Amino acid sequence: MSNQGRKLEQAAKAAWLSHVAGKTQDEIAGIMGVSRQTAQRLVAQAMAEGIVKIRIDHPFAHCMDLAEALRRRWRLAFCEVAPADAPEAGVALMLADTIEQWLRRPEPMTMAIGTGRTLRAAIAQLPHIDCPQHRIVSLTGNIAPDGSTAYYNVLFTLSDLVTARSFPMPLPVIAPTVHERQAVNGQPSIQRLIRMSSDAAVAFLGIGTVGAAAPLMLDGFLSQPDLDALVAAGAVGEITGWAYDAQGRLIEGLSNDRVASAPIPPRASTLVIGAAHGLDKLPAIRGALQGGLVSGLITDAATAAGLLQD
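Summary of the structure given here. Because the structure is predicted, anything quoted here is derived from the model rather than measured.

Attention now goes to the overall build of the protein chain. Helix and strand counts for the protein chain stand at 13 helices and 10 strands. If one aligns the C-alpha atoms of the protein chain with their principal axes, the spans along those axes are about 65 × 45 × 30 Å. Carbon together with sulfur atoms contributes 53% to the accessible area of the protein chain, which is approximately 13,700 Å² in total. Charged side chains of the protein chain number 26 positive and 28 negative; the gap between the two group centres comes to 5 Å.

Below is the structure:
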């Protein structure tokens, strides 16, 4: 998307919030993470560009309607929906914008971050950000099964772009045995990281499938028998390695006993934003929403529409 296209999209979003949702300029500024003056300018720009007529004449208006419907249905604290014409790029860009807004906040805070392809694509969109007042802690290990750096762990890439202090977790996502998982997670240094992640103001997570194309198997963390056992137990998705069923309940035993990742941060105190798209991910996303595993969602219009179907 061109810079001009992004500006028009922001203007359309501000116009929708003003003319459809009835938000004040202060409320628009808070939702979009901009100043009141910028919110006012965006609404004015939408008028000048002819976007605002009887309706908001921009595809993003439909996305805003879908996001509002998802917020109401699943009681989400945060929801953004990207246009369906380029879902992968749109979701990554929207996720990048949201991460950037949080990192540019002046008040010190801790951000927790998961792993995955969508997160990696979003981090690639970020500019350099000077934010030494913040801390970024990984929720998952950064070690692949062969001992190398896990390719889809994004903390190291992010730490090259921002000046916030970063705290990696020197563990695999899933340990080979329960004993090894207990040993590494019991270390004082790892316990400190887990406590830090539980105190995060915001967390950004990928939502993975459990099936033939499960990322955990493709990346070598689970074997086919491991995956078959999870499916037989009712697993439909996973977040940072934690497998769950259609109701969002964590699967008891099996590979969950070997997950070395930090627990998903408490939604009562952390805004936990899941990012995922694609109709193949509908069961995983719906399960995460059903169980309240996430309190925020970034997805695309086609996936959002699927989540709203009974």
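With that out of the way, let us pick up unusual backbone geometry. Located in the positive-phi region is threonine 240, a residue other than glycine, with phi close to 50°. Relative to the helices and strands, threonine 240 resides in the loop between strand S7 (235-239) and strand S8 (242-245). Assessed through its relative accessible area of 6%, threonine 240 is described here as buried. Located in the positive-phi region is leucine 254, a residue other than glycine, with phi close to 50°. Mapped onto the elements, leucine 254 comes out in the loop between S8 and strand S9 (271-275). Under the relative-accessibility criterion, leucine 254 is labelled partly exposed at 40%.

This structure, assessed with the given rule, holds zero disulfides. A disulfide-free cysteine, cysteine 63 has its sulfur positioned 10 Å from the sulfur of cysteine 79, the nearest such atom. We classify cysteine 79 as buried; its relative accessible area is 3%.

You can see proline 127 is positioned in the loop between helix H6 (117-123) and strand S3 (135-143). Among the residues examined, proline 127 registers a relative accessible area of 31% and is labelled partly exposed. Considered as a pair, proline 127 and valine 162 are 35 residues apart in the sequence and their alpha carbons are 8.3 Å apart. Once residues within four sequence positions are removed from consideration, proline 127 is found in contact with Glu100, Arg104 and Leu161.

Once that is clear, we can look at the packing of aromatic side chains. Inspection of every chain in the model, using the stated rule, returns zero aromatic pairs. Over the ring of tryptophan 102 we find arginine 105, and its NZ or CZ is 3.7 Å from the ring centre.

Conventions and cut-offs
- Residues numbered from 1 in each chain as written.
- Predicted model: local features only at pLDDT ≥ 70, side-chain atom pairs only at ≥ 80, totals over all residues.
- Heavy atoms only, no water.
- Helix = DSSP H or I, 4+ residues; strand = E, 2+ residues; numbered from the N terminus.
- Areas by Shrake-Rupley, 256 points an atom, 1.4 Å probe, with all protein chains shown as cover.
- Lys, Arg positive; Asp, Glu negative; His and termini not counted.
- Charge placed at Lys NZ, Arg CZ, Asp CG, Glu CD.
- Buried < 20%, exposed > 50% of the residue type's maximum accessible area, 1.4 Å probe, protein only.
- Disulfide = S-S within 2.5 Å.
- Contact = heavy atoms within 4.5 Å.
- Phe/Tyr/Trp six-rings, centres within 6.5 Å; stacked < 30°, edge-to-face > 60°.
- Lys NZ or Arg CZ within 6 Å of the ring centre and 35° of its normal.

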